[in-house]
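# Close look at the chain arrangement
Next come the chains, spelled out residue by residue.
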Amino acid sequence: MSVESLINKIQENIPEEETDFDFLRMCYSFAENAHRKQLRKSGDPYFMHCVRTAEILAQLQLDMDTICAGLMHDVLEDTGITRDEMKQKFGNNIANLVEGVTKIGRYKFSGGHRKRQAETYRKLLLATAEDMRVILIKLADRLHNMETLDYLSTEQQQRISKETLEIYAPIAHRLGIWSMMSRLEDLSFKYLFPESYREIADLLNEKLEERQAYCKKMEAIIQAEFKKHGIRAVVRGRTKHIYSIYQKMHQKGTPFKDICDLVGLRVLVEDDWSCYNALGVLHLRWSYLPDRVRDWIGQPKKNGYQSLHTTILDDGKPIEIQIRSNEMHQVAENGIAAHWSYKEGVPTTKEALSIYANYKEMLDDIQDTPDVPGRFIESMKLELFQDEVYVFTPKGDIHALPVGSTAIDFAYKIHTDIGNTCCGAEVNNVLTPIREPLQNGDRVRILTNPKSTPSRGWLRIVKTANARSKIRHWFRDKDRADALELGKTFLKAELQLSYLNASDYLKSPKLLEIAKQLGLDSVDELFIRIGNGNESATQIVNRLKPEKVKVEQEKPKPERTDSAIQLENGIDLGMVRMMKCCNPIPGDNIVGYLTRGRGVSVHRTGCARLLDEPERFVALNMTAEEGVIYPAQIFVECHDKPGMLGEITTAIARFQVNIREGNFKASTVTRIDDTAADYFTLDVTGIEQLREVMEAIRGLKGVERVVRKM
């Protein structure tokens, strides 16, 4: 495309008196010279890509600076020209735009460590927040790259298409640019799932002429009906893009023949009132499906989309119809780009500001996500991909949430404290389970109780990144408090085992010295590390003891020895190994297994790791030895409530039993939402002491199950 052809394309959308085409010609010439010696994989001049990018931006009706930056978007990355040179020649605004696109281009989205991937996603989203035009240029750049993907290797096609489908198409959707989103999705789908793409394309082509003829007939009939009622309207057929058909077929399980909006019409009228009048005419003339009527004019989507949707029945055949004004159509096709009046990268029209504000809100929600790569990527995709439902507060304020959101999501949307103390919900004046998905138009009242707290089970229910982040934050604080108390309990129990006054030593200035030596800021941080199992309470007590006590008691605790294992006839065995798969202790029913060259391995009877070779079994007995301890693992399933963990560890400490290791988390086998699973490795003298400890734990209120791990 020549510069004059590009100017003609711009003139279709931007009045000439407001445009400096000499400046555009200068940018065009500069970029052409900068890329003069460069070729694309296809063999075409590289500059053709830059011109096509600028043309797409012109079709989106964007401002001249954005179009010029599109022409030069690869100059900083692919040539020796610097940002300062570009700033001096074209101004700071264009230099910033080109630099912003260049930074995005440097991010590598696939392969490599997940942490690096999460960081590139985060930087991409932040770049779009600084100046929305940066991502619009990048979307145009990506669209043309997808249109010319045939010349790359299959591996490159797959990688770029996956990145486009996961990141760029959803961003286009979030910004309301439907024309670009649908094209990016179809092109990505073509390379990622070529067989499915061809299958749907063939199904569409089979009866294409028949559908086109039917559309023409219905256009004329509906147009005549509107004319009869004095409504000025344009009725057009519309096509559903291939990827959206695939989603309905494979994600929702809808057969191709049952997809009712393969035949669809769009009605364009003059204003909002005409939209509702046109809807009334259609419903008077044809039967319609009430559950498929949608009013996106009174309740616009977050990305600015407005239309009335209905599905009428023509001799039982469903036809989906969209009704919108011409202005709404511009926004539906081009989203935030339909309002091209920008000032320093921020939209200035009311409609664009609304889209921008919602996009910024999404970014804020994602930014609150903990710096854990998997969680960040999960939150980002949740926010970008979800369709929306619109629900109301009791006062009538409207809030948009992802489809499938619950009252918990709604509570956190209103305020963090409301979410944290949520104990129930009334939906449309009816008490409703808080896990129930909300529907469009629901009026929701959240019930709170100062004593109520979040449940870990909520994390499996909520749909918004905001709610997920706030729940995890609450549990991080709670777990920190639990670990602090647990650390104190462990240290106190260890002090008591050493016959030291726990009250004095827990307040000792020497404890702070030890914390500082370990690189910690406070004694509380030391307690937390002990409670989390990152520091040994025994070692800390050894450092706290007076020197004379240390000398007397610094001997290591005796571990179990194999001398306690004997054949039942009393003959001592030479090479004996106690197997960690089942950790046998005195009092257990045990059996020996004669290995080849490695002596006898000792298992508890019934151990799953014990090979089924009875001829190798040796009858053994095991006796307890004075002062020797043995590790035993137990599993505790209990209510996930504040203080529960402390009660369990206190019960264990009463028997002077050391907790060698602990693992505390929400149960993966939970039957109810507020259940936690705690795994402990205890140092015991034998089966009798272990049974006493387990019985004491079972007696605690809130404990559901205590079993020994095999």
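Residues numbered from 1 in each chain as written. Predicted model: local features only at pLDDT ≥ 70, side-chain atom pairs only at ≥ 80, totals over all residues. Heavy atoms only, no water.

### Remarks on the overall build of the protein
- Tallying secondary structure elements over the protein gives 28 helices and 22 strands in all.
- Within the protein, buried positions represent 52% of all 710 residues.
- Contacts spanning at least 24 positions in sequence make up 66% of the contacts within the protein whose residues lie at least 6 apart.
- For the protein, the accessible surface area stands at approximately 34,700 Å², while carbon and sulfur atoms represent 48% of it. (Helix = DSSP H or I, 4+ residues; strand = E, 2+ residues; numbered from the N terminus. Buried < 20%, exposed > 50% of the residue type's maximum accessible area, 1.4 Å probe, protein only. Contact = heavy atoms within 4.5 Å. Areas by Shrake-Rupley, 256 points an atom, 1.4 Å probe, with all protein chains shown as cover.)

### What about the packing of aromatic side chains?
- Applying the stated rule across the entire model yields 11 aromatic pairs.
- Note on phenylalanine 635 and tyrosine 679: the rings are 4.9 Å apart at their centroids and 50° apart in plane angle, and the pair reads as tilted. Within this pair, whereas phenylalanine 635 is found in strand β19 (residues 630–639), its partner tyrosine 679 is found in strand β21 (residues 675–684), the two being separated by 44 residues in sequence.
- Classification of phenylalanine 635 as buried rests on a relative accessible area of 7%.
- Here tyrosine 679 falls in the partly exposed class, since its relative accessible area comes to 32%.
- A network of ring pairs unites the aromatic residues Phe189, Phe193, Tyr197, Tyr243 and Tyr246 as a single cluster.
- Just above the ring of tyrosine 46 sits the side chain of arginine 40; from NZ or CZ to the centre is 6.0 Å.
- Over the ring of tyrosine 214 we find lysine 317, and its NZ or CZ is 4.0 Å from the ring centre. (Phe/Tyr/Trp six-rings, centres within 6.5 Å; stacked < 30°, edge-to-face > 60°. Lys NZ or Arg CZ within 6 Å of the ring centre and 35° of its normal.)

### Considering helix α27 (residues 644–653)
- Of the positions making up α27, those classed as buried are Met644, Leu645, Ile648, Thr649, Ala651 and Ile652. The buried residues of α27 all sit within an arc of 155° when viewed along its axis, so they share a single face. (Arc of directions from axis to C-beta.)

### What to know about the packing of helix α23 (residues 509–517) against helix α25 (residues 537–544)
- The contact between α23 and α25 brings their axes to 10 Å, and the two run at 120°. The orientation of α23 with respect to α25, classified from their angle, is oblique. Remark: the crossing between α23 and α25 carries right-handed chirality. Counting all contacts with α23, which are made through Lys510, Leu511, Ile514 and Gln517, the residues of α25 involved are Ile540, Arg543 and Leu544.
- Split by residue class, the contact of α23 with α25 holds 4 nonpolar, 1 polar and 2 charged. (Axes fitted to C-alpha atoms, helices over the stretch in contact; angles between N-to-C directions. Parallel < 35°, antiparallel > 145°, perpendicular 65-115°, else oblique. Left-handed = near helix turned anticlockwise from the far one by under 90°. Nonpolar A, V, L, I, M, F, W, Y, C, P; charged D, E, K, R; others polar.)

### Quick look at the packing of helix α3 (residues 47–59) against helix α4 (residues 64–71)
- It is at 7 Å that the axes of α3 and α4 come closest, and there the two elements cross at 160°. In terms of their interaxial angle, α3 and α4 are classed as roughly antiparallel. Note on packing geometry: the crossing formed by α3 with α4 is right-handed. Across the interface between the two elements, Phe47, Cys50, Val51, Thr53, Ala54, Leu57 and Ala58 of α3 pack against Thr66, Ile67, Gly70 and Leu71 of α4.
- Split into classes, the residues belonging to the contact of α3 with α4 amount to 8 nonpolar, 3 polar and no charged.

### A short note on the side chain of serine 188
- Along the polypeptide, serine 188 turns up in helix α11 (residues 178–192).
- Setting aside residues no more than four positions away along its own chain, serine 188 makes contact with Met146, Ser161, Thr164 and Leu165.

### Some words on the sheet that holds strand β11 (residues 422–427)
- If you walk across this open sheet you meet the 3 strands as β12-β11-β13, and the pairing is antiparallel. Here the strands that pair on one side only, and so sit at the sheet edges, are β12 (430–432) and β13 (444–448). Averaged over all pairs of adjacent strands, the angle between strand axes in this sheet comes to 35°, irrespective of strand direction.
- The strands touched by helix α19 (residues 407–414) are β11 and β13; relative to β13, the strand with the most contacts, the crossing angle is about 80°. (Pairing = 2+ DSSP bridges.)

### Points about the pairing of strand β9 (residues 388–392)
- Burial of β9 is extensive: 5 of the 5 residues sit out of reach of the surface.
- On β9, burial covers both faces: Glu388, Tyr390 and Phe392 on one face and Val389 and Val391 on the other are all buried.
- Of the strand pairs in this sheet, β9 and strand β10 (residues 398–402) are connected by 5 bridges, and their pairing is antiparallel. Paired with tyrosine 390 across the bridge in β10 is alanine 400.
- Linking β9 to β10, which pair antiparallel, is a turn of 5 residues; within it glycine 396 sits at a positive phi near 95°.

### Some thoughts on the pairing of strand β18 (residues 617–622)
- Going residue by residue along β18, you find Val618, Leu620 and Met622 tucked away on one face and Phe617, Ala619 and Asn621 left uncovered on the opposite face.
- One ladder, built from 3 bridges, connects strand β16 (residues 590–594) with β18; its direction is antiparallel. Bridge pairing in β18 places tyrosine 593 opposite phenylalanine 617.

### Comments concerning helix α14 (residues 242–250)
- Burial of α14 is extensive: 7 of the 9 residues sit out of reach of the surface.
- Within α14, burial applies to Ile242, Tyr243, Ser244, Ile245, Tyr246, Lys248 and Met249.
- In this fold, the buried residues of α14 make contact with α10 (154–174), α11 and α12 (194–206).

### Concerning the nonpolar core
- Counting 61 residues, the largest nonpolar core has Leu24, Leu71, Met72 and Leu139 as its most contacted members.
- When residues of this core are assigned to their parent elements, the largest contribution, 9 residues, is made by helix α9 (residues 132–147).
- Sequence-distant contacts of leucine 24, defined by excluding residues within four places in its chain, comprise Leu6, Ile7, Ile10, Met64, Ile67, Cys68 and Leu71.
- Ranked by size, the runner-up nonpolar core spans 55 residues in total, among them Phe527, Val618, Ile687 and Leu690. (Core = buried A, V, L, I, M, F, W, Y, C linked by side-chain atoms within 4.5 Å.)

### Brief notes about the confidence of the model for the protein
- Per-residue confidence for the protein gives a mean pLDDT of 79, with 79% of residues at or over 70.
- Here helix α26 (residues 547–553) stands out as the element of the protein with the lowest mean pLDDT, 43, in contrast to β13, whose mean of 94 is the highest.
- A low-confidence stretch, residues 109–113 (pLDDT under 50), is modelled with 9 contacts involving residues beyond four sequence positions or located in other chains.
- Overall, residues 548–563 carries pLDDT values under 50, and its contacts beyond four positions in sequence, including any with other chains, amount to 27 contacts. (pLDDT = per-residue confidence, 0-100.)

### A closer look at unusual backbone geometry
- Backbone geometry at asparagine 429 places phi at a positive 70°, although glycine is not the residue there.
- In this structure, asparagine 429 sits in the loop between β11 and β12.
- Among the residues examined, asparagine 429 registers a relative accessible area of 72% and is labelled exposed.
- Positive phi outside glycine occurs at asparagine 583, with the angle close to 45°.
- Note on placement: asparagine 583 falls in the loop between β15 (576–578) and β16.

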